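Per-entry structural report
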Amino acid sequence: RKEVEQDPGPFNVPEGATVAFNCTYSNSASQSFFWYRQDCRKEPKLLMSVYSSGNEDGRFTAQLNRASQYISLLIRDSKLSDSATYLCVVSANSGNTPLVFGKGTRLSVIA
Amino acid sequence: ETGVTQTPRHLVMGMTNKKSLKCEQHLGHNAMYWYKQSAKKPLELMFVYNFKEQTENNSVPSRFSPECPNSSHLFLHLHTLQPEDSALYLCASSRDRYGANVLTFGAGSRLTVL
């Protein structure tokens with residue numbers, strides 16, 4: 001089983017739609033979780049950290065399910081500018097464990 | 001500008017060439033990283049430096065040679081590369097080495113090996 005798995009997509013959704021991505025991770029010792037966003041031919045940038053109780057930032061909501069070992073990202077009222085690849089990132093938080101990136105889920109928001 | 005600057009942004013080299021990628025961070029971070037991003041693959045960690053000391057070499061071939069003269073600068077020296085080494089090479093930094101820290105990436109150096 002891969003360490004971090006994501007559906008590569010693409011997810012093609014109309015403007016204004018709600019879209020959700022899931023990401024599963026294999027290491028039950030994982031402690032830190034993030035969503036990064038990567039635009040075409042650009043570098044990844046932090047979108048949001050994912051907290052145990054779930055967290056929201058504007059139109060974006062992140063959830064963590066430790067029992068099933070997955071995190072999710074919900075985007076409400078999609079904008080054209082949300083089109084990007086969303087990378088799930090997980091870390092076991094120990095000094096010797098680096099961040100592990102998923103392959104990413106590609107989202108295209110269509111007018 | 002992200003605070004992490006990479007040069008050159010694009011590089012084309014032959015298999016017998018020697019070139020270097022440079023990364024500089026202006027964020028006061030203590031850890032710096034090289035990642036490789038190839039099409040349809042997740043980001044692959046190559047090297048990690050924490051307080052100028054290499055703490056991780058992720059089984060990277062010796063044709064890639066990192067150098068970290070201080071906490072703000074990181075180089076990746078390239079020699080006798082293969083066409084399959086063509087990829088986007090991303091430098092990143094974080095406050096320190098531990099996994100909870102957020103990474104700030106540079107814009108990347110897109111390498112093509114002919």
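This text gives an overview of the structure that appears in the document. Since we're looking at a predicted model, the values are computed, not measured. (Residues numbered from 1 in each chain as written. Chains lettered and ligands numbered in written order. Predicted model: local features only at pLDDT ≥ 70, side-chain atom pairs only at ≥ 80, totals over all residues. Heavy atoms only, no water.)

Looking now at the overall build of chain B. Helices and strands together make up the secondary structure of chain B, namely 0 helices and 11 strands. For chain B, the N- to C-terminal ordering of α and β elements is β-β-β-β-β-β-β-β-β-β-β. Relative to its length of 114 residues, chain B is compact, with a C-alpha radius of gyration of 13 Å against a globular reference of 13 Å. Overall, chain B is about 35 × 30 × 30 Å in size when its C-alpha atoms are taken along their principal axes. At a minimum sequence separation of 6, the contacts of chain B that also span at least 24 residues come to 54%. Accessible surface, chain B as shown: approximately 5,300 Å² in total, 49% of it carbon and sulfur. (Helix = DSSP H or I, 4+ residues; strand = E, 2+ residues; numbered from the N terminus. Rg over C-alpha atoms; globule rule 2.2 N^0.38 Å. Contact = heavy atoms within 4.5 Å. Areas by Shrake-Rupley, 256 points an atom, 1.4 Å probe, with all protein chains shown as cover.)

Bringing the state of the cysteines into the picture now. All names here are of chain A. Applying the stated criterion across every chain yields a total of 2 disulfides over all chains. The residue that forms a disulfide with Cys-23 is Cys-88, at a sulfur-sulfur distance of 1.9 Å. On the sign convention where negative means left-handed, the S-S torsion of about -75 degrees between Cys-23 and Cys-88 marks this disulfide as left-handed. In this pair, Cys-23 is assigned in strand S3 (residues 19–25) and Cys-88 in strand S9 (residues 84–91), connecting sequence segments 65 residues apart. (Disulfide = S-S within 2.5 Å.)

Locating A:Asp57 in the fold gives a position in strand S6 (residues 55–57). Separated by 33 residues in the primary sequence, A:Asp57 and A:Thr24 have C-alpha atoms spaced 22 Å apart.

Proximity of charged atoms lets side chains of opposite charge pair with each other. As enumerated under the stated definition, the model contains 6 salt bridges over all chains in all. A salt bridge links A:Asp39 to A:Arg37, with the nearest nitrogen and oxygen atoms 2.7 Å apart. For B:Asp85, the salt bridge is made with B:Arg63, and the minimal N-O distance between the two is 2.7 Å. Of this pair, B:Asp85 sits in the loop between strand S8 (73–79) and strand S9 (87–94) while B:Arg63 is found in the loop between strand S6 (53–57) and strand S7 (64–70), placing the two residues 22 residues apart along the sequence. Overall, the relative accessible area of 3% leaves B:Asp85 in the buried class. (Salt bridge = Lys/Arg side-chain N within 4 Å of Asp/Glu carboxyl O. Buried < 20%, exposed > 50% of the residue type's maximum accessible area, 1.4 Å probe, protein only.)

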